[in-house]
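Tertiary structure, described
Okay, here's what each chain looks like letter by letter:
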Amino acid sequence: MAGRMEGKVAFITGAARGQGRSHAVRLAQEGADIIAVDICAPIDSVTPAFYPGATAEDLAETVRQVEALDRRIVARQADVRDVAALQKAVDEGVAELGRLDAVIANAGIFTFGTNTHEVPEQSWADLMDVNVTGVWHTVKVATPALLATGRGGSITLISSLAGFKGLANVAAYTTTKHGIVGLMKVLANEMGPHGIRVNTIHPNAIDTPMVKNETTYKLFRPDLEHPTLADAEPSFAGLNPFGIGFIDPVHVSNAVLFLASDEAVYVSGTQLSVDAGAAVL
């Protein structure tokens with residue numbers, strides 16, 4: 001069925017690359033116009049120790065791909081920790097595109113590999129600020145526009161397999177991804193009377209720069225000084241009964257599309273796994 005988002009506008013954070021770009025393109029393929037934001041800058045506790053940050057050029061490529069589908073997009077550089085900048089981006093997007101129907105709180109960072117009592121203070125603070133407060137900010141700035149559109153709409157928070165399981169040496173990230181599940185449950189009750197659905201999606205290892213890097217490989221192969229993708233992939237595959245190393249972002253985007261579409265009109269308060277069964281292991 002084509003055109004499942006025809007006439008709708010979606011607001012997506014972390015849209016410059018990876019899952020965020022994939023969500024923007026997939027929704028645009030189904031007719032949505034897009035409000036896209038990304039920090040487009042490094043965060044010191046993440047880069048360069050773990051993986052490089054997105055860039056303005058990455059966000060421009062998201063714009064190019066959405067416009068190539070003959071859809072409109074309003075893209076802004078904004079940090080989800082900065083509620084004023086985020087509000088400005090949403091307000092400008094709604095002013096240009098006319099409405100807001102779907103929110104996808106996708107922006108997040110990932111650090112790991114340290115015993116919980118040894119996690120650096122700044123690393124813990126950055127994860128909480130981006131992955132929890134940033135998600136709250138996203139909902140906070142978007143809710144008035146969602147309500148103004150009228151009955152209906154959706155909010156999708158991107159959690160993780162770490163939102164179900166206690167992953168060793170991943171304390172801060174795991175805490176954040178559990179935290180937004182609690183936020184989702186509260187919002188599902190608050191927004192239900194307005195016909196607005198609120199859900200979380202829980203991916204496993206996704207084929208993005210956040211996961212495909214030497215630092216992450218070393219989490220699974222600490223016995224090697226410089227592990228490669230080939231060294232680490234069997235360990236990733238062991239996380240799920242399908243035996244696959246990485247999930248293509250589009251499969252998460254298909255879940256985002258379902259939850260944002262009218263097909264999911266009564267789907268709310270749900271934790272939807274896109275993890276090749278990893279949560280049941």
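Each value, and the rule that gives it
- Residues numbered from 1 in each chain as written.
- Predicted model: local features only at pLDDT ≥ 70, side-chain atom pairs only at ≥ 80, totals over all residues.
- Heavy atoms only, no water.
- Phe/Tyr/Trp six-rings, centres within 6.5 Å; stacked < 30°, edge-to-face > 60°.
- Buried < 20%, exposed > 50% of the residue type's maximum accessible area, 1.4 Å probe, protein only.
- Helix = DSSP H or I, 4+ residues; strand = E, 2+ residues; numbered from the N terminus.
- Pairing = 2+ DSSP bridges.
- Axes fitted to C-alpha atoms, helices over the stretch in contact; angles between N-to-C directions.
- Parallel < 35°, antiparallel > 145°, perpendicular 65-115°, else oblique.
- Left-handed = near helix turned anticlockwise from the far one by under 90°.
- Contact = heavy atoms within 4.5 Å.
- Nonpolar A, V, L, I, M, F, W, Y, C, P; charged D, E, K, R; others polar.
- Domains from an automatic or database assignment.
- Buried area = accessible area lost by both parts, 1.4 Å probe.
- Core = buried A, V, L, I, M, F, W, Y, C linked by side-chain atoms within 4.5 Å.
- Expected span 1.5 Å × (residues − 1).

**With respect to the packing of aromatic side chains**
Taken as a whole, this structure holds five aromatic pairs when the rule is applied. Geometrically, the ring pair formed by Phe 110 and Phe 112 is tilted, given 4.5 Å between the ring centres and 40° between the ring planes. Taken as a pair, Phe 110 and Phe 112 share a single burial class, namely buried. Both rings, one in Phe 236 and one in Phe 246, keep their centres 4.7 Å apart while their planes meet at 40°; by these two values the pair is tilted. Taken together, the residues span a long stretch of sequence, with Phe 236 in helix H7 (residues 229-237) and Phe 246 in the loop between H7 and helix H8 (249-260) at a distance of ten residues.

**What about the pairing of strand S4 (residues 102-105)?**
Going residue by residue along S4, you find Ala 102 and Ile 104 tucked away on one face and Val 103 and Ala 105 tucked away on the opposite face as well. Note that S4 and strand S5 (residues 154-158) share four bridges and pair parallel. If you follow Ala 102 over to S5, its bridge partner there is Ser 154.

**Quick word on the packing of helix H1 (residues 18-29) against helix H2 (residues 56-67)**
Between H1 and H2, the shortest axis-to-axis distance is 9 Å and the interhelical angle comes to 15°. With respect to each other, H1 and H2 are oriented roughly parallel. Of the two possible hands of crossing, H1 and H2 adopt the one that is right-handed. In contact with Arg 21, Ala 24, Val 25 and Ala 28 of H1, H2 contributes Asp 58, Glu 61, Thr 62, Gln 65 and Val 66. Partitioning the contact of H1 with H2 into residue classes produces four nonpolar, two polar and three charged.

**Some thoughts on the domain arrangement of the protein chain**
Split by domain assignment, the protein chain resolves into domain 1 (9-206 + 248-272) and domain 2 (212-245). Centre-to-centre, using C-alpha coordinates, domain 1 lies 26 Å away from domain 2. Across the contact, eight residues belong to domain 1 and eight residues belong to domain 2. Between domain 1 and domain 2 lies a buried interface of about 660 Å² when both sides are counted; carbon and sulfur atoms form 63% of it. Considering only the surface of domain 1 that becomes buried against domain 2, Phe 112, Asn 204 and Ala 205 emerge as the three largest contributors, covering 52% of it.

**Side note on the nonpolar core**
Ranked by size, the top nonpolar core spans 46 residues in total, and within it Phe 11, Leu 100, Ile 155 and Leu 157 carry the most contacts. Mapped by element, the contributors of at least two residues to this core are strand S1 (9-13), strand S2 (33-38), helix H3 (83-97), S4, helix H4 (121-149), S5 and helix H5 (171-191). Here Phe 11 is in contact with Ile 35, Val 37, Leu 86, Val 90, Leu 100, Ala 102, Val 103, Ile 104, Thr 138, Val 141 and Ala 142, once residues within four sequence places are set aside. In this structure, Ile 12, Ala 36, Cys 40 and Ala 255 belong to the second largest nonpolar core, which totals 31 residues.

**As for H1**
The end-to-end C-alpha distance of H1 is 17 Å, a good match for the 16 Å that twelve residues give at a rise of 1.5 Å each. Across the twelve residues that make up H1, a large majority, ten, are buried. The complete set of buried residues in H1 reads Gln 19, Gly 20, Arg 21, Ser 22, His 23, Ala 24, Val 25, Arg 26, Leu 27 and Ala 28. Immediately beyond the C-terminal end of H1, within one or two residues, lies Gly 31, with a positive phi of roughly 105°.

**Overview of unusual backbone geometry**
Thr 47 connects to Pro 48 through a cis peptide bond whose omega is 10°. Within the secondary structure, Pro 48 is located in the loop between S2 and H2. Its identity as a non-glycine residue notwithstanding, Asp 70 has a phi of 65°, on the positive side. Along the polypeptide, Asp 70 turns up in the loop between H2 and strand S3 (73-77). Look at Ala 276: it is not a glycine, yet its phi comes out positive at around 55°. Within the fold, Ala 276 resides in the segment after strand S7 (271-274).

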